[in-house]
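Report on the structure
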Amino acid sequence: MPIVFSGRAFRVEVATRHYPDGREHEVEVVRHPAVVVLIPVEADGRVVLVKQYRAAIERDTWELPAGGIEPGEDADSAARRECEEETGRVPHTVERLGEWYSTPGFCDELMIFYRVSDLREPPADSPHQPDQDELIEPRLVSLDDARAMVRRGEIVDLKTAFALTLV
Ligand SMILES: [Mg+2]
């Protein structure tokens, strides 16, 4: 499909496509690499949420840690790396829970969900450092409190609300 925009985070394609019913439609598609979404669970059952500024909606949000899979990296390794970068803790248990598309109406972004636990301090010589362009503040909350934050509108991120139903 012809590319009309190509940026750092995604590209946009526009093309005329034949649908199964025989009709033609001009379609606009956002191509976005797959991401991992983490549910970090501490020994006491609390989960780690991170607060970050989201420029697209011009506000702070509370979310579960998430991030892109880097070229040449497998999803499990990305889950370990993102956990350390965003929460400062290394998961020794990594469980893949499943994968779902975030917004198939216009975007091919696949989200791969993980429960990560047995969280420990990183080794002193760890190569992973906090992301420079992400201002992130972690917070531990119980699952009940996190779900109440969704109902009260304090969590507005859909992948986070969904992930809290998986554990
Ligand atoms: Mg991130």
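Check the entry above for the structure.
Let us look at the structure shown here. Source: prediction; values computed, not measured. (Residues numbered from 1 in each chain as written. Predicted model: local features only at pLDDT ≥ 70, side-chain atom pairs only at ≥ 80, totals over all residues. Heavy atoms only, no water.)

**Focus: the sheet that holds strand 6 (residues 59–63)**
- The sheet built from three strands is open, its strands ordered 6-5-10 with antiparallel pairing. Whereas interior strands pair on both sides, the edge strands pair on one side only; in this sheet they are strand 6 and strand 10 (136–141). Across this sheet, the average inter-strand angle for adjacent strands is 25°, counted without regard to direction.
- Of the pairings in the sheet, the one linking strand 5 (residues 47–54) to strand 6 comprises five bridges and is antiparallel in character. Bridging from a neighbouring strand, Lys51 pairs with Trp62 of strand 6.
- In the packing of helix 2 (residues 143–151) onto the sheet, the strands contacted are strand 5, strand 6 and strand 10, and the crossing angle to strand 10 comes to about 120°. (Pairing = 2+ DSSP bridges. Helix = DSSP H or I, 4+ residues; strand = E, 2+ residues; numbered from the N terminus. Axes fitted to C-alpha atoms, helices over the stretch in contact; angles between N-to-C directions. Contact = heavy atoms within 4.5 Å.)

**Points about unusual backbone geometry**
- We note that Glu58 has phi near 55°; this positive angle belongs to a residue other than glycine.
- Note on placement: Glu58 falls in the loop between strand 5 and strand 6.
- For Glu58, a relative accessible area of 65% translates into the label exposed.
- With a phi angle near 55°, Asp118 is a residue other than glycine that sits in the positive phi range.
- Within the element layout of this structure, Asp118 appears in strand 9 (residues 110–120). (Buried < 20%, exposed > 50% of the residue type's maximum accessible area, 1.4 Å probe, protein only.)

**Focus: the sheet that holds strand 1 (residues 3–6)**
- Strand order in this open sheet of three strands is 1-2-3, and the pairing throughout is antiparallel. Each edge of the sheet is formed by a strand with only one pairing partner; in this case those strands are strand 1 and strand 3 (24–31). The sheet shows a mean angle of 20° between the axes of neighbouring strands, taken without regard to direction.
- In terms of strand pairing, strand 2 (residues 11–18) meets strand 3 through eight bridges, oriented antiparallel. Paired with Ala15 across the strands is Val27, a residue of strand 3.

**Notes on the side chain of Glu42**
- Assignment of secondary structure puts Glu42 in the loop between strand 4 (35–40) and strand 5.
- Residue Glu42 is classed as buried on the basis of its relative accessible area, which comes to 16%.
- Here Arg89 takes part through its side chain, which lies 3.0 Å from a polar atom of the side chain of Glu42.
- Those residues in contact with Glu42 that lie beyond four places of it in its chain are Val48, Arg89, Leu119 and Leu140. (Polar contact = N/O pair within 3.5 Å; in protein donor to acceptor, adjacent residues only side chain to side chain.)

**Examining the layout of surface pockets**
- Considering only enclosed or pocket space, the largest pocket measures out at about 1,700 Å³ in volume.
- Around the largest pocket, the lining comprises 41 residues; the ones closest to its centre are His32, Val35, Arg54, Glu109 and Lys159.
- Where the lining of the largest pocket is concerned, the elements lending two or more residues are strand 5, strand 6, strand 7 (66–68), helix 1 (75–87), strand 8 (90–101), strand 9 and helix 3 (158–163).
- Broken down by class, the residue content of the lining of the largest pocket amounts to 21 nonpolar, seven polar and 13 charged.
- One number sums up the size of the second largest pocket: a volume of about 160 Å³.
- Residue lining of the second largest pocket: Tyr19, Val27, Glu28, Val29, Tyr101, Pro104, Gly105, Phe106, Cys107 and Asp108, and that is the complete set.
- When residues of the lining of the second largest pocket are assigned to their parent elements, the largest contribution, three residues, is made by strand 3. (1 Å grid on protein atoms, 1.4 Å probe; cavity = no way out; pocket = protein on both sides within 12 Å on 5 of 7 lines; lining within 4 Å. Points joined across faces, edges and corners; volume = space filled by probe spheres on them. Nonpolar A, V, L, I, M, F, W, Y, C, P; charged D, E, K, R; others polar.)

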